[in-house]
Amino acid sequence: MAARARTRIKPSRSAGSRARSPRRSSGRAGGGSHRTARSKGPERDLLARLKEGAVICAEGYVFELERRGYLQAGAFVPEVLFDHPEVVEQLHMDFVHAGSDVTEALTYYVHREKLRVIGREKDLMPMNRAALGIAKRVARRTGTLFAGDLCNTNIYDPADQDSLREVGRIFAEQVGWAVEAGVDYFIAETFSWTGEALMALEAIRRYSKVPAVVTLAMHREAMTRDGHTPAEACRRLEAAGADVVGLNCHRGPRTMMPLLREIRAAVQCHVAALPVPYRTTPEQPSFMSLTDPCCGNERAFPVGLDPFMCTRGEIFDFGREAFGLGIRYLGVCCGAGPHHVRALAESLGRRPPASRFTVDMSRHAVFGTDKRIRKIMTDYRAKA
Ligand SMILES: [Zn+2]
């Protein structure tokens, strides 16, 4: 079980699953009205859906595609959009099958700066259009919301006018392509600077007419890089016209939750919560700061994080707790698989198509309680 391989070099796969089964609920805490909306045809209004209940947005595309062998950890640019568009489309379908209400275009890190880093600037426009086209097709087929995506540029520097001009250009052109594609709303995500998040919001406000969800990502310090608490940063984003504000990425449920409480108390608008599915701690509150005692206390990010993975039960608990706080825009970020999304959906009392196969140990060969399980097997239970 204890994989002692240097996971930085070669991720080891643990065969045993210690996943706790997510508790079922018969309630409809998350609002089940999206089902009705789907049967009537696509409901494309994010704010109307949030008024009715929770909205689940699966994120974490680049991590999942990296695990599947279709893009490289490090740069994390989704070159898979050109190489294997069918893989991206299938992942969108997998997340919807597991309960996502949103199909988010995979334009994360498909911006001018990241493509420059990998020497593919000329692919900027076609790669954005490819991502938007795939997501739109899935969204319209499944009745999910079609979201455009802006993200951290990694060049934002409030003291450098040239960098600010370039950040503005990155946001403006990506908003333009997404508007052309007809997105239902925008997600602007994973910002460590309030100022950069405000610039993304400004571009969405200026060049589109659709709602904006803006989420910040907190590193070790519960403070943006320009010195605001998450609550204060979210207040500013709300004042600047964001429809939904909150946090995504970097922090696991345990170290994101206290910040979410403060944000919920600080703003009037809807709040978003999309943690990474990792067991972050008060000492190592972000997934980039986690170190693995099995591997010489090396930094586990990004390809040695497997031993820190949250179970489905933990994501179920997160969903229930966050919704209980009045947080309605929910998801899971980098590291999430469809099983996490399903657990989140079930925490809201939903039964997405994938719930047909939610664990049922009553039919297990050793631990089962079904009367058809042979005694020779159940007698052996204590030794299993
Ligand atoms: Zn993430």
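Residues numbered from 1 in each chain as written. Predicted model: local features only at pLDDT ≥ 70, side-chain atom pairs only at ≥ 80, totals over all residues. Heavy atoms only, no water.

**Section: the side chain of Glu104**
Thinking step 1. Mapped onto the elements, Glu104 comes out in strand E2 (residues 102–104).
Thinking step 2. In this structure Glu104 is buried but unpaired, with Arg49 as the nearest side chain of opposite charge at 14 Å. (Helix = DSSP H or I, 4+ residues; strand = E, 2+ residues; numbered from the N terminus. Buried < 20%, exposed > 50% of the residue type's maximum accessible area, 1.4 Å probe, protein only. Lys, Arg positive; Asp, Glu negative; His and termini not counted. Salt bridge = Lys/Arg side-chain N within 4 Å of Asp/Glu carboxyl O.)

**Thoughts on the pattern of salt bridges**
Thinking step 1. In the structure shown here, the tally under the stated rule is 24 salt bridges.
Thinking step 2. A salt bridge links Glu89 to Arg137; the shortest N-O distance between them is 2.9 Å. Of this pair, Glu89 sits in helix H5 (residues 85–97) while Arg137 sits in helix H7 (residues 124–142), placing them 48 residues apart in sequence.
Thinking step 3. Note on Arg137: relative accessible area 43%, which makes it partly exposed.
Thinking step 4. For Glu89, the salt bridge identified is with Arg141, shortest N-O distance 2.5 Å. Taken together, the residues span a long stretch of sequence, with Glu89 in helix H5 and Arg141 in helix H7 at a distance of 52 residues.
Thinking step 5. The exposure class assigned to Glu89 is buried, which follows from its relative accessible area of 16%.
Thinking step 6. Residue classification places Arg141 among the partly exposed residues on the basis of a relative accessible area of 46%.

**Here's the deal with the layout of surface pockets**
Thinking step 1. Within this model, the second largest pocket holds a volume of roughly 420 Å³.
Thinking step 2. Forming the walls of the second largest pocket are 24 residues, and the residues nearest its centre are Tyr109, Asn152, Asn154, His250 and Met288.
Thinking step 3. Within the lining of the second largest pocket, the residues separate by chemical class into 13 nonpolar, eight polar and three charged. (1 Å grid on protein atoms, 1.4 Å probe; cavity = no way out; pocket = protein on both sides within 12 Å on 5 of 7 lines; lining within 4 Å. Points joined across faces, edges and corners; volume = space filled by probe spheres on them. Nonpolar A, V, L, I, M, F, W, Y, C, P; charged D, E, K, R; others polar.)

**Some points on the coordination of the zinc ion**
Thinking step 1. In this structure, Cys249 (SG), Cys333 (SG) and Cys334 (SG) serve as the protein donors to the zinc ion, at separations of 2.2 to 2.3 Å.
Thinking step 2. For Cys249, a relative accessible area of 4% corresponds to the buried category. (Donors = N, O, S within 2.8 Å, 3.2 Å for Na, K, Ca; no water.)

**Regarding H7**
Thinking step 1. Its 19 residues give H7 an end-to-end C-alpha distance of 27 Å, which sits within 8% of 27 Å, the value for a rise of 1.5 Å per residue.
Thinking step 2. For H7, the set of buried residues is Leu124, Met127, Asn128, Ala131, Leu132, Ile134, Ala135, Val138, Ala139 and Thr142. Summarising the axial view, the buried residues of H7 lie within an arc of 160°, below the 170-degree limit, and thus occupy one face. (Expected span 1.5 Å × (residues − 1). Arc of directions from axis to C-beta.)

**Quick notes on empty space enclosed by the protein**
Thinking step 1. Under the definition given, this model contains three cavities of 30 Å³ or more.
Thinking step 2. In this structure, the largest cavity occupies an estimated 140 Å³ of space.
Thinking step 3. Taken together, 14 residues line the largest cavity, and the ones lying closest to its centre are Glu59, Gly60, Tyr61, Tyr108 and Glu189.
Thinking step 4. Only helix H3 (61–67) and strand E4 (185–191) provide two or more residues apiece to the lining of the largest cavity.
Thinking step 5. Classifying every residue of the lining of the largest cavity gives eight nonpolar, two polar and four charged.

**Considerations on the nonpolar core**
Thinking step 1. Judged by nonpolar contacts, the single largest core of 102 residues is most densely connected at Phe63, Phe171, Leu216, Phe287, Leu305 and Leu330.
Thinking step 2. The element contributing the most residues to this core is helix H8 (residues 161–181), with eight residues.
Thinking step 3. The contacts of Phe171, once residues within four sequence positions are left out, are Leu150, Cys151, Thr153, Phe191, Glu196, Met199, Ala200 and Ala203.
Thinking step 4. Formed by 14 residues, the second largest nonpolar core is a distinct cluster that contains Ala147, Ile187, Val213 and Tyr329. (Core = buried A, V, L, I, M, F, W, Y, C linked by side-chain atoms within 4.5 Å. Contact = heavy atoms within 4.5 Å.)

**Description of the pairing of strand E5 (residues 212–216)**
Thinking step 1. Across the five residues of E5, five count as buried, placing the element largely inside the fold.
Thinking step 2. On E5, burial covers both faces: Ala212, Val214 and Leu216 on one face and Val213 and Thr215 on the other are all buried.
Thinking step 3. With four bridges connecting them, E4 and E5 associate as parallel partners. Counterpart to Phe191 in the pairing with E5 is Leu216.
Thinking step 4. Where the polypeptide runs from E4 across helix H9 (residues 194–207) and back to E5, its parallel neighbour, the crossover connection is right-handed.
Thinking step 5. Of the strand pairs in this sheet, E5 and strand E6 (residues 244–248) are connected by four bridges, and their pairing is parallel. Note on E6: the bridge partner recorded for Thr215 is Gly246.
Thinking step 6. Taken together, E5, helix H10 (residues 230–239) and E6 form a β-α-β motif whose crossover is right-handed. (Pairing = 2+ DSSP bridges. Right-handed = clockwise from strand over helix to strand, strands pointing away.)

**Quick look at the confidence of the model for the chain**
Thinking step 1. Across the chain, pLDDT averages 91, with 89% of residues at or above 70.
Thinking step 2. Low pLDDT, under 50, characterises residues 1–42; the stretch is placed with 74 contacts to residues that sit more than four places away or in other chains. (pLDDT = per-residue confidence, 0-100.)

**Considerations on a nonpolar patch on the surface**
Thinking step 1. Taken together, Val359, Met361 and Phe367 make up a surface patch of nonpolar side chains, about 250 Å² in accessible area.
Thinking step 2. Examined against the element boundaries, Phe367 turns out to sit in the loop between helix H13 (338–347) and helix H14 (375–378). (Patch = residues over 30% accessible without salt bridge, like charges linked within 9 Å, V, L, I, M, F, W, Y side chains within 5 Å. Areas by Shrake-Rupley, 256 points an atom, 1.4 Å probe, with all protein chains shown as cover.)

**A short note on the pairing of E4**
Thinking step 1. Taking burial as the measure, the seven residues of E4 include seven buried ones, the bulk of the element.
Thinking step 2. When strand E3 (residues 145–151) meets E4, the two strands line up parallel, connected through five bridges. Paired with Ala147 across the strands is Tyr185, a residue of E4.
Thinking step 3. After leaving E3, the chain enters H8 and then returns to the sheet as E4, a path that is right-handed.

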